[in-house]
Amino acid sequence: MKSIQIQRLKAPVPPELSTMTFSAYRHLLEMQRTSRHPTDGDQKQIDPWALGAWHGDEPVGLLLAELPVDDPENVHLLSVFVQPDHRRRGIAEALIRETEEHFKPTKRRHLSAIYTTGKPGVACLERLLARRGWDPPQGRTLSVRFTPEAILESDIMLERRLRAQRRGLEIIPWSEVTAEDIAALRRSDEEAPWIAPFLAPWRFDRNGFDPSSVAARFRGDIVGWIITHRISFDEVRFTCGFIRRDLSRRGRLMPLYYAVLQALKPTPCSHVTFVTPFCYPEMIGFIRRRLAPVSEFVGETREVHFELPEA
Ligand SMILES: CC(C)(COP(=O)(O)OP(=O)(O)OC[C@H]1O[C@@H](n2cnc3c(N)ncnc32)[C@H](O)[C@@H]1OP(=O)(O)O)[C@@H](O)C(=O)NCCC(=O)NCCS
């Protein structure tokens, strides 16, 4: 029987291996300094790092990681994949072990990974990392994916309730928000901070946004937004949604979601992905109670860490 060989990948990476990671990460296999999501305006520079597994001449597994340029102690695993015919032979474990061995004698001894639950491989990976002494996984965000129709036709979007939630708000396409609006928004937030720092719109629209993105005005001021991005031909991600806290009660963000979903209706978008950090418990409660029952996928993103002992 042929043995398994594991090798550090250098450009050019064999094309068979590039199908073994998520399409959003394929550009990393050029093995050149870049960012994780360059088309989303991600500025954080990283160096890709990868191991391939071969059975004879056949590439059978890939582990892809990133080395953050401004963070010299971290290695972030992005994906691990083994061809179905070669699973349960310890290849994933060998890929992880080799990664640990490679970084042990270096300064980069903090390993981490973020992944989404829901697929059978994930439970297998969690067991594998636990066996190797990694810390227990922690929940980070809750993701749901649904069809625009499933939400528009559900009782979440009752016209009567939406009318009440919309009162006083003017909902406009994000593309109609002017540079003066943004300058005023920044000024008011600098004077008395009210925008959740992680949800400021300028973090998300600088390298483009989907035309379905919307803003809400209240008494002339921009007070809320939903910035969306098209992540594939037929899928849109709700990347950031926020409304001023004094207006956020009683589902005032709901008419903005409605406006986005209406804008998506005539487009080829058949799926919407929605991700919320666990640090927003009200939103998490809403997703679990209301969105999850009409969603086609519900998953958690989890993170897991491991501090490598010094060699
Ligand atoms: C998750 C994944 C990478 C695991 O790859 P793998 O090579 O099968 O993993 P391993 O062989 O190292 O370990 C898998 C299991 O096989 C068992 N195993 C390993 N060698 C074995 C052997 N010789 N005989 C029998 N079982 C064996 C392991 O104990 C482990 O069992 P467990 O799931 O009960 O803990 C693979 O299933 C996969 O590619 N899935 C799709 C992608 C994915 O979900 N990736 C994870 C998120 S990015």
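Residues numbered from 1 in each chain as written. Predicted model: local features only at pLDDT ≥ 70, side-chain atom pairs only at ≥ 80, totals over all residues.

**Some points on the overall build of the protein**
Each helix and strand counted, the protein has nine helices and 13 strands in total. Summarising its shape, the C-alpha atoms of the protein cover approximately 70 × 40 × 35 Å along the three principal directions. Taking all 311 residues of the protein together, the buried fraction comes to 29%. For the protein, restricting intrachain contacts to residue pairs at least 6 apart in sequence, the fraction spanning at least 24 positions comes to 67%. (Helix = DSSP H or I, 4+ residues; strand = E, 2+ residues; numbered from the N terminus. Buried ≥ 20, exposed ≤ 12 C-beta atoms within 10 Å, placed from the backbone. Contact = placed C-beta atoms within 7 Å.)

**Some remarks on the confidence of the model for the protein**
For the protein, the mean per-residue pLDDT works out to 93, and 99% of the residues sit at or above 70. Here helix H9 (residues 281–291) stands out as the element of the protein with the lowest mean pLDDT, 89, in contrast to helix H2 (residues 91–103), whose mean of 98 is the highest. (pLDDT = per-residue confidence, 0-100.)

**Details of the domain arrangement of the protein**
The assigned domain composition of the protein is domain 1 (4–139 + 302–307) and domain 2 (148–295). Look at where the C-alpha atoms of domain 1 and domain 2 centre, and you get two points 33 Å apart. Opposite the four residues of domain 1 that make contact, domain 2 presents four residues. Of the residues contributing to the side of domain 1 that touches domain 2, the split by class is no nonpolar, three polar and one charged. (Domains from an automatic or database assignment. Nonpolar A, V, L, I, M, F, W, Y, C, P; charged D, E, K, R; others polar.)

**Considering the pairing of strand S9 (residues 214–218)**
Looking at chain direction, strand S8 (residues 169–173) and S9 are connected through five bridges and run antiparallel. If you follow Leu169 over to S9, its bridge partner there is Phe218. Here S9 runs beside strand S10 (residues 221–232); their pairing, made up of five bridges, is antiparallel. Within the sheet, the bridge partner assigned to Arg217 lies in S10 and is Ile222. (Pairing = 2+ DSSP bridges.)

**What about the site of the ligand?**
The environment of the ligand is formed by 19 residues, the closest being Arg87, Ala92, Glu93, Gly121 and Arg127. Listing elements by their share of the shell around the ligand, those giving two or more residues are strand S5 (74–82), H2 and helix H3 (120–131). For the shell around the ligand, the leading source of residues is H3, giving six residues. A class-by-class count of the residues in the shell around the ligand yields 10 nonpolar, three polar and six charged. (Near = placed C-beta within 6 Å.)

**Considering the environment of His55**
Within the fold, His55 resides in strand S3 (residues 45–55). Separated by 94 residues in sequence, His55 and Glu149 place their C-alpha atoms 46 Å apart. Leave out the neighbours within four places in its chain, and His55 touches Lys2, Ile4, Val60 and His86.

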